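# Understanding the architecture of this molecule
Now for the letters of each chain:
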Amino acid sequence: MRHTFLTVLIAALMQFPAQPLSAANLVAKISLSSQTMVVKQDGVVMYRWKVSTARKGYVTPKGSWKAKWLSRNHRSRKYDNAPMPYAVFFNGGYAVHATYDLKRLGRPASHGCVRLHPDNAAEFFALAREHGLGNTRIVITR
């Protein structure tokens, strides 16, 4: 009886091939109005974090992009060598990255990038590297 159950179970599981991790779909959806980022993996919400996007006089672009490149200890050439740790670049010089200005998370404060708590930025950076840039999408909406 036990042997039959295992045979049926194995046969049933073989009908659903394992999807390699590299084929996973990682989406970071940033809402400018709520100053939040929701990270979904294969359509399942994994994280919901506070962010800071562009303050008055600056712009965080709206749209949808694949992640382009990663920089673990990036420094801004445009803004006085400002630290941009765990940067996931998605559109030219725009990136999702860590900030140490934690009191401003949850409201506009940046020059246009999407800022996260360092722990959250490190997690998103690791997920983007793990899943691959081509499988990582950043979506920014009003």
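Structural notes, computed from the coordinates. In every chain, residue numbers begin from 1 and rise along the written sequence. The predicted origin of the model limits local features to residues at a pLDDT of at least 70 and limits the giving and counting of side-chain atom pairs to 80 or more, whereas totals for whole chains, interfaces and linings rest on all residues. The side-chain values count all of the structure's non-hydrogen atoms but skip hydrogen atoms and water molecules.

Helix numbers and strand numbers start at the N terminus; a helix is a DSSP run of H or I with at least 4 residues, a strand a run of E with at least 2. Within the chain, the secondary structure is distributed over two helices and nine strands. From first element to last, N terminus to C terminus, the chain shows the α and β order α-β-β-β-β-β-β-β-β-α-β. Taken across its 142 residues, the chain has 38% of its residues classed as buried. Taking the intrachain contacts of the chain between residues at least 6 apart in sequence as the baseline, contacts between residues at least 24 apart amount to 56%. With a 1.4 Å probe rolled over the protein chains alone, any residue whose accessible area is under 20% of its type maximum counts as buried; one over 50% counts as exposed, and the rest are partly exposed. Any pair of residues with heavy atoms lying within 4.5 Å of one another is described as a contacting pair.

Pairing is mixed across the open sheet formed by four strands, whose spatial order is S5-S6-S7-S8. The sheet is open, and its two borders are formed by strand S5 (69-75) and strand S8 (114-116), each paired with just one other strand. Adjacent strand axes in the sheet meet at a mean angle of 25 degrees, parallel and antiparallel pairs treated alike. Here, a strand pair is defined by DSSP locating no fewer than two bridges between the strands. Here S5 runs beside strand S6 (residues 83-91); their pairing, made up of six bridges, is antiparallel. Within S6, the residue paired with Arg-75 across the bridge is Pro-83. Each axis is a line fitted through C-alpha atoms, taken for helices only over the stretch in contact, and angles between the N-to-C directions span 0 to 180 degrees. Sitting on the sheet, helix H2 (residues 118-131) touches S5, S6, strand S7 (94-98) and S8, and the angle it makes with S6 is about 45 degrees.

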